[in-house]
Amino acid sequence: MRSPILDYLDSILTATSGISSGETAQYIPELAAADPSRAAVALCTVNGTVYASGDADHGFSIQSMSKPFAYAAAIEAHGLEAVLERIGVEPSGEAFNELSLDPVTGRPRNPMINAGAIVAHALVDDGGGEGAGRMLDLFSRLAGHPLEVDEAVAASELATADRNLGLAYLLHAAQALEVEPRRAVTGYIRQCAVAVTVRDLALMAATLANGGVQPETGERVFGRGTTRHVLSVMTSCGMYDAAGDWLTSVGIPAKSGVAGGIIGVLPGQVGVAVLSPRLDAHGNSARGVEMMRRLSEDLGLHLMEASRPARSSLREVRTEQTRAGTATVYVLQGDLVLSSIESLVRALVESPPPTAQVVFDMSRVDEVLPVARRTAAETAARLIDEGHRIAIIDPESTVPRFQDSRGRPVDRWEGLTAS
Ligand code: GLU
């Protein structure tokens, strides 16, 4: 049976097929000559399942979609603080190839514009003979298979790199870039020329959606904190001077590239990637932006969409005979987060358990957030202080043991579980 998800992706391509505005990136000859009719869309879940439609195996250069990954690599290599000293996190509101420097600190405004991306590249790869080696290796691990530099694109861009060279020389003069400017730009351009498909990109984006773990190979490529930071910067700066429009209309962290690709990340759910080489006035794929807008709307991806409130943690309260006598049993469920555990705490506060023996049945609980753990532990401690005995049914032992207010673990009462 063909998956309806594939049919849906096909329908995205069909519905946007009439969009032919914009033109291919003219300042890089090899990109200017790209076939503008190419179009593809791919989606990868955090479980690693990829769905793709259109020219999904067509390779094109990653261009600026490499920037979030290179920035993440710089953070992993040097630590966040050291990187923040070199590159800011403020949207510039200017085009990607402007020399947007902070007037006070002299740092590039953010890592998603070329000035910041050249510095980020140089922080990972100083051009010491490895070329795009380190980045190529990183991108290959993110895509789940070996990638290659499109040498024709790299050569074409190197031959017309005056503007990026100009930025690098100015950065070098301002002591914002330590690596020799030509070396830094050569490495950065090779990073941008890595050839990918929308499938590869969907997996790379899904790694960010999955907190830094590549969903197919299970490899932790970036730390959780790094990933969250990078996604935040993508949200505010990823779409160049169209970032505000993007955030309101599409509403997911994203990055575009001048070869016509756009990646988007919905944290905890999916990575998406689209391709269509004609660019709008901001340098973003014109049809790609519309594909993303539709995906966001149809799949409910907008980050600011109020999500369904967490289900109450308290499934039911019942009285039961246990080996230790009559007990009040609280059956909990789902993820214990603050908003879901509130109903349990309220029930306990408003109508304290009538029996001395209290049982919490945690067998239906999935995940426990630290704040819920603290609140639950405090609630349990108060019950114990008021003379109740507590038992916890926890077959998988995935939940923490509570302690009473004197720090004694309550699983002393284990064995008093419901009969
Ligand atoms: N390599 C391109 C440049 O530096 C990347 C720009 C982009 O994709 O937006 O001009």
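All of these numbers come straight from a predicted model, not from anything done at the bench.

Enquirer: Honestly, the packing of helix H7 (residues 151-159) against helix H9 (residues 181-192) in this entry has me stumped. Any pointers?
Expert: Each pair of packed helices can be described by the angle between their axes along with the distance between the axes. Where H7 meets H9, the axes come as close as 9 Å, and the angle between the chain directions of the two elements is 140°. Considering their axes alone, H7 and H9 lie oblique with respect to each other. Like other packed secondary-structure pairs, H7 and H9 cross with a definite hand, here right-handed. Every residue of H9 that contacts H7 at Glu-151, Ala-154, Glu-157 and Leu-158 is listed here: Thr-186, Ile-189, Arg-190 and Cys-192. Considering only residue class, the contact of H7 with H9 consists of four nonpolar, one polar and three charged.

Enquirer: Help me understand the site of the ligand in this model?
Expert: Close contacts around the ligand come from Tyr-27, Gln-63, Ser-64, Phe-96, Asn-114, Glu-157, Asn-164, Tyr-188, Cys-192, Tyr-240, Gly-257 and Val-258, and that covers them all. The separation between an oxygen atom of the ligand and a polar main-chain atom of Val-258 is 2.8 Å. Here the ligand loses 99% of its free accessible area of 300 Å² to cover by the protein chains. Looking at the shell around the ligand residue by residue, the classes come out as six nonpolar, five polar and one charged.

Enquirer: Help me out: how do you make sense of helix H1 (residues 4-15) in this one?
Expert: Residues that lie three or four places apart on an α-helix share one face, since the helix turns once every 3.6 residues. Taking 1.5 Å as the rise per residue, H1 with 12 residues should run 16 Å; its terminal C-alpha atoms sit 16 Å apart, in good agreement. Within H1, the full set of buried residues consists of Tyr-8, Leu-9, Ile-12 and Leu-13. Within H1, the buried residues cover an arc of 145° as seen down the axis, which keeps them to one side. Away from its buried face by more than 90 degrees, H1 exposes Pro-4 and Thr-14. Buried residues belonging to H1 abut strand S1 (40-45), strand S2 (50-54) and helix H13 (286-299).

Enquirer: I keep staring at the pairing of strand S8 (residues 270-275) and nothing clicks. Help me out?
Expert: Successive side chains on a regular strand alternate, one facing one side of the sheet and the next facing the other. Where burial is concerned, most of S8 is hidden: six out of the six residues are buried. Going residue by residue along S8, you find Val-270, Val-272 and Val-274 tucked away on one face and Gly-271, Ala-273 and Leu-275 tucked away on the opposite face as well. Pairing analysis gives six bridges linking S1 to S8, with the strands arranged antiparallel. Note on S8: the bridge partner recorded for Val-41 is Val-274. Relative to S8, strand S7 (residues 261-266) is paired through six bridges, and the arrangement is antiparallel. Pairing of Gly-261 across the sheet is with Leu-275, part of S8.

Enquirer: Would you explain the sheet that holds strand S5 (residues 194-196) in this entry?
Expert: Across a sheet, strands are paired by hydrogen bonds formed along the backbone, either parallel or antiparallel in direction. Pairing is antiparallel across the open sheet formed by three strands, whose spatial order is S3-S5-S4. For this open sheet the edge positions go to strand S3 (60-61) and strand S4 (148-149), each flanked by a neighbour on one side alone. Inspection of the sheet shows S3 paired to S5 by two bridges, in the antiparallel sense. By the bridge assignment, Phe-60 is partnered in S5 with Val-196.

Enquirer: Help me understand H13, please; the structure alone is not making it clear to me.
Expert: Its 14 residues place the ends of H13 20 Å apart at the C-alpha level, agreeing with the 20 Å of an ideal helix rising 1.5 Å per residue. Where H13 is concerned, the buried positions are Ala-286, Arg-287, Gly-288, Glu-290, Met-291, Met-292, Leu-295 and Ser-296. Among the structural elements, H1, S1, helix H12 (243-249), S7 and S8 are those in contact with the buried residues of H13. Of the residues trailing H13, Gly-300 is marked for its positive phi of about 65°.

Enquirer: Any chance you could explain the pairing of S1 here in plain terms?
Expert: Counting buried positions over the six residues of S1 gives six, a clear majority of the element. Residues Ala-40, Ala-42 and Cys-44 of S1 are buried on one face, and the alternating residues Val-41, Leu-43 and Thr-45, pointing to the opposite face, are buried as well. In this structure, S1 lies alongside S2, joined through five bridges in antiparallel fashion. Across the sheet, residue Val-41 finds its bridge partner in S2, namely Ser-53. Counting the residues in the hairpin turn of S1 and S2 gives four residues, including Gly-48, whose phi is positive at 95°.

Rules of the game
- Residues numbered from 1 in each chain as written.
- Predicted model: local features only at pLDDT ≥ 70, side-chain atom pairs only at ≥ 80, totals over all residues.
- Heavy atoms only, no water.
- Axes fitted to C-alpha atoms, helices over the stretch in contact; angles between N-to-C directions.
- Helix = DSSP H or I, 4+ residues; strand = E, 2+ residues; numbered from the N terminus.
- Parallel < 35°, antiparallel > 145°, perpendicular 65-115°, else oblique.
- Left-handed = near helix turned anticlockwise from the far one by under 90°.
- Contact = heavy atoms within 4.5 Å.
- Nonpolar A, V, L, I, M, F, W, Y, C, P; charged D, E, K, R; others polar.
- Near = heavy atom within 4 Å.
- Polar contact = N/O pair within 3.5 Å; in protein donor to acceptor, adjacent residues only side chain to side chain.
- Areas by Shrake-Rupley, 256 points an atom, 1.4 Å probe, with all protein chains shown as cover.
- Expected span 1.5 Å × (residues − 1).
- Buried < 20%, exposed > 50% of the residue type's maximum accessible area, 1.4 Å probe, protein only.
- Arc of directions from axis to C-beta.
- Pairing = 2+ DSSP bridges.

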